[in-house]
Amino acid sequence: MKPALVLLHSLLLGPLTWAPVAAKLRALGAATVVPSLVHVADADDPPFWPRIGAAVKDSVSHLPQDQPIVLVAHSNAGLLAPVVVQAAGRPVVGCLFVDASLPSRCGPTPAASPERLAYLRSIAAEGRLPQWTTWWEENTIAPLFPDPRTRSMVSAEQPRLPLSYYEQQFPVPPGWDHRPCGYLLFGPPYDRMAQESRTRGWSVAEVPGGHLHQLIDPDAVTAHIVTTTAGWGSPAG
């Protein structure tokens, strides 16, 4: 049985960031699931990662029990791949990181670097962060979207994460990457993550664009997901 593709959105955004790609994957006959993680941090009390693992496990519970999955993680959802591998409740036959942060090879992964955390503390209000699209100047954020309607819809489902989300560390179970892994780069600053992926021996591809390029060119992003994951879960994979 072919693996199902599980598309993980950034915790700062929502599942609509994957909607165009999910539609194209389904049109190609690929079983595709886009878990919603927008409510996992509604409560302020960490740790949040167990709720994320549970949400993904629940989202794939309707699939046949013997169907494996491939994780396709965008942006900061990349840090959660090891947690989801352990929590999914079924075989995870590969992990594809899309313009994403990478978890540690071993040991816990901080949700944010000290420098990033200092910045987030400076913009938080009453323990919550503003919506992600308000962090940037208009000339930075506008080109990330194909049109005003898409921007409005994606922006509307953004959560306001608690600052405590970024003060936690994510566990990294041993052996989480004992399966095919790959990286799909859109552009800086994630080129550093792409280079790190090469040092880990992973396949790396690039579709030049902004951080939400899956909204701008879902055809190209879909094609790379299909090509990269084609052999995962087969005997050759």
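Just above sits the structure.
The rules we used
Residues numbered from 1 in each chain as written. Predicted model: local features only at pLDDT ≥ 70, side-chain atom pairs only at ≥ 80, totals over all residues. Heavy atoms only, no water. Helix = DSSP H or I, 4+ residues; strand = E, 2+ residues; numbered from the N terminus. Rg over C-alpha atoms; globule rule 2.2 N^0.38 Å. Buried < 20%, exposed > 50% of the residue type's maximum accessible area, 1.4 Å probe, protein only. Contact = heavy atoms within 4.5 Å. Areas by Shrake-Rupley, 256 points an atom, 1.4 Å probe, with all protein chains shown as cover. Lys, Arg positive; Asp, Glu negative; His and termini not counted. Charge placed at Lys NZ, Arg CZ, Asp CG, Glu CD. Pairing = 2+ DSSP bridges. Right-handed = clockwise from strand over helix to strand, strands pointing away. Salt bridge = Lys/Arg side-chain N within 4 Å of Asp/Glu carboxyl O. Axes fitted to C-alpha atoms, helices over the stretch in contact; angles between N-to-C directions.

Chemist: Please clarify how the overall build of the protein should be interpreted in this entry.
Modeler: Secondary structure assignment for the protein yields nine helices and eight strands. The C-alpha radius of gyration of the protein comes to 17 Å, within 12% of the 18 Å expected for a compact globule of 237 residues. Looking at the 237 residues of the protein, the share that counts as buried comes to 51%. Summarising the internal contacts of the protein: among those between residues at least 6 apart in sequence, 74% fall at separations of at least 24. Accessible surface for the protein amounts to roughly 10,500 Å². Of this, 56% is attributable to carbon and sulfur atoms. Considering the protein, the positive charge centre built from 17 side chains and the negative charge centre built from 19 side chains are found 5 Å apart.

Chemist: Explain unusual backbone geometry here, please?
Modeler: Negative phi is the rule for most residues except glycine; trans is the rule for most peptide bonds. Backbone torsion omega between proline 46 and proline 47 reads 0°, so that peptide bond is classified as cis. Residue proline 189 follows proline 188 across a cis peptide bond; omega there is 5°. Backbone geometry places serine 75, a non-glycine residue, at a positive phi of 60°. As for its position among the elements, serine 75 is in the loop between strand E3 (69–74) and helix H3 (81–87).

Chemist: What am I meant to see in the pairing of strand E8 (residues 203–206) here?
Modeler: With four bridges connecting them, strand E7 (residues 181–185) and E8 associate as parallel partners. What sits directly across from glycine 182, in E8, is serine 203. With helix H7 (residues 191–199) bridging E7 and its parallel neighbour E8, the resulting β-α-β unit is right-handed.

Chemist: Would you explain the pattern of salt bridges in this entry?
Modeler: Pairing between side chains of opposite charge can happen when the charged atoms of each approach one another. With the rule as written, the count across this model stands at six salt bridges. The salt bridge partner of glutamate 167 is arginine 121, with a shortest N-O separation of 3.3 Å. Of this pair, glutamate 167 sits in the loop between helix H6 (148–156) and strand E6 (169–170) while arginine 121 sits in helix H4 (residues 114–123), and the two are 46 residues apart along the sequence. The exposure class assigned to arginine 121 is partly exposed, which follows from its relative accessible area of 46%. Arginine 200 serves as the salt-bridge partner of glutamate 196, at 2.9 Å between the closest nitrogen and oxygen. The class of glutamate 196 is partly exposed, set by a relative accessible area of 25%. Assessed through its relative accessible area of 17%, arginine 200 is described here as buried.

Chemist: Any chance you could explain the environment of valine 72 here in plain terms?
Modeler: Note that valine 72 resides in strand E3. Since its relative accessible area comes to 0%, valine 72 is described here as buried. Residues valine 72 and cysteine 106, spaced 34 residues apart in sequence, show a C-alpha to C-alpha distance of 20 Å. Excluding anything up to four places from it in sequence, valine 72 contacts Leu5, Val6, Leu7, Leu8, Trp18, Leu96, Val98 and Ile225.

Chemist: Sorry, what's going on with the sheet that holds strand E4 (residues 92–98) here?
Modeler: Remark on secondary structure: sheet strands pair via backbone hydrogen bonds, oriented parallel or antiparallel. Taking strand neighbours across the sheet as the criterion, the six strands line up as E2-E1-E3-E4-E7-E8 in an open arrangement whose pairing is parallel. Both edges of this open sheet fall to strand E2 (32–33) and E8, since each of them pairs with a single strand only. By the bridge criterion, six bridges tie E3 to E4 in an arrangement that is parallel. Bridging from a neighbouring strand, histidine 74 pairs with valine 98 of E4. Against the sheet, H7 makes contact with E7 and E8, and its axis sits at roughly 155° relative to E7, the strand it touches most.

Chemist: Could you clarify how one ought to interpret the pairing of strand E1 (residues 4–8) in this entry?
Modeler: Remember that side chains alternate between the two faces of the sheet whenever the strand is regular. For E1, the buried fraction is high: five of the five residues fall into the buried class. Neither face of E1 is exposed, since Ala4, Val6 and Leu8 on one face and Leu5 and Leu7 on the opposite face are all buried. Of the pairings in the sheet, the one linking E1 to E3 comprises five bridges and is parallel in character. In the strand pairing of E3, leucine 8 is matched with alanine 73. Judged from the two bridges that link them, E1 and E2 form a sheet pairing that is parallel. Paired with leucine 5 across the strands is threonine 32, a residue of E2. For the crossover from E1 across helix H1 (residues 19–27) to E2, the handedness is right-handed.

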